[in-house]
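Here are the chains, one letter per residue:
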Amino acid sequence: MNSPAEAWDYNGMDHAAVNAAFVTDLLAAELLTAGPVDPQADDSVVLDVGTGTALIPVELCSRYRPCRVVACDAAPSMLDLAKINVAIGQCENRIQLHHGDGKQLEFADDLFDGVMSNSWLHHLPDPAVGLAQMWRVCKPGGWVFARDLLRPQAADQVESLVQLHAAQETPANQQLLRQSLHAALTLDEVRCQAAPLGIAPQAIQATSDRHWTLAVRKPVA
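Residues numbered from 1 in each chain as written. Predicted model: local features only at pLDDT ≥ 70, side-chain atom pairs only at ≥ 80, totals over all residues. Heavy atoms only, no water.

**A short note on helix 2 (residues 16-28)**
Because each turn of an α-helix spans 3.6 residues, side chains separated by three or four positions in sequence point in the same direction. Taking 1.5 Å as the rise per residue, helix 2 with 13 residues should run 18 Å; its terminal C-alpha atoms sit 18 Å apart, in good agreement. All of the buried residues along helix 2 are N19, F22, V23, L26 and L27. Around the axis of helix 2, the buried residues are gathered within 125° of arc, so they sit on the same side. Among the exposed residues of helix 2, those oriented more than 90 degrees off its buried face are A17 and A28. In this fold, the buried residues of helix 2 make contact with helix 3 (55-63), strand 4 (112-118) and strand 5 (138-149). (Helix = DSSP H or I, 4+ residues; strand = E, 2+ residues; numbered from the N terminus. Expected span 1.5 Å × (residues − 1). Buried < 20%, exposed > 50% of the residue type's maximum accessible area, 1.4 Å probe, protein only. Arc of directions from axis to C-beta. Contact = heavy atoms within 4.5 Å.)

Right, here's the structure in full:
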């Protein structure tokens, strides 16, 4: 979604329920609420990879005060709209926008108290690379919370999900969801890609009719 028109179309989709559920489930996992890795820090510092138009960081900051978010995306057109959303949410002092490639993050190892992403990994040629980058920049004792689409077993299931969840969207946005579902990973595929990082299979679960979720704390060496 590199063009302004694509970014506007994406931002105009109704993400409210999905974004709210993401933040609700993150808070319910008690990863953030356990407090910062550094007990001297005032806030947890969270990286959101593939932030898009930063709607989830705004949602998180509106519901959980003791955190700051670095919202990273590779598309300048997305970040242009993210700047507007951050301003509307009055979060300019808590959300920093960062133009960067999640497949090769510029950040140092073990930097962030938490790392999150929503529906980003299925866009990558090799999602394992994105997972490895998220894991690398997370502090020992920190956490990773990732959610993405779950590939259905049959084509007719894809169409059912498109009609169930995007019936009110434009044909272009319906096609975007259709293509994303086809590009998504199965639960077994995600678990296999996470295994080399030492992430146990049970940390990755199907959490809706179209999503899987990874919720895990990085071990302290």
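**Focus: the nonpolar core**
The nonpolar side chains of a soluble globular protein tend to be buried with one another. Counting residues in hydrophobic clusters, the biggest one holds 29 residues, and the most contacted among them are L47, V115, V144, I199, I204, W212 and L214. Among the secondary structure elements, those contributing two or more residues to this core are strand 1 (44-49), strand 2 (67-73), strand 4, helix 5 (127-137), strand 5, helix 8 (187-194) and strand 7 (211-217). If we skip the residues at most four places from it in the chain, L47 touches V70, C72, L105, F107, F112, G114, V115, M116 and V137. (Core = buried A, V, L, I, M, F, W, Y, C linked by side-chain atoms within 4.5 Å.)

**Quick word on the side chain of N19**
As for its placement among the helices and strands, N19 is situated in helix 2. Using a relative accessible area of 9% as the deciding quantity, one classes N19 as buried. Ignoring sequence-local partners within four residues, the contact set of N19 consists of L55, I56, E59 and N118.

**Some thoughts on the packing of aromatic side chains**
Evaluation of the coordinates by the stated rule reveals 2 aromatic pairs. Judged by centre distance (5.1 Å) and plane angle (85°), the rings of F22 and F145 are edge-to-face. Within this pair, whereas F22 is found in helix 2, its partner F145 is found in strand 5, the two being separated by 123 residues in sequence. This pair shows no difference in class: F22 is buried, exactly as F145 is. Aromatic pair F107 and F112: ring centres 5.1 Å apart, planes at 90°, arrangement edge-to-face. Judged by relative accessible area, which is 3%, F112 ranks as buried. (Phe/Tyr/Trp six-rings, centres within 6.5 Å; stacked < 30°, edge-to-face > 60°.)

**Brief notes about the sheet that holds strand 5**
The mixed open sheet is built from 7 strands, whose spatial order is 3-2-1-4-5-7-6. Of all strands in the sheet, those bounded by a partner on one side alone are strand 3 (95-99) and strand 6 (204-206). Going from strand to strand, the sheet's axes swing by 20° on average, the running direction of each strand aside. In this structure, strand 4 lies alongside strand 5, joined through 6 bridges in parallel fashion. Within strand 5, the position partnered with S117 by the bridge is A146. (Pairing = 2+ DSSP bridges. Axes fitted to C-alpha atoms, helices over the stretch in contact; angles between N-to-C directions.)

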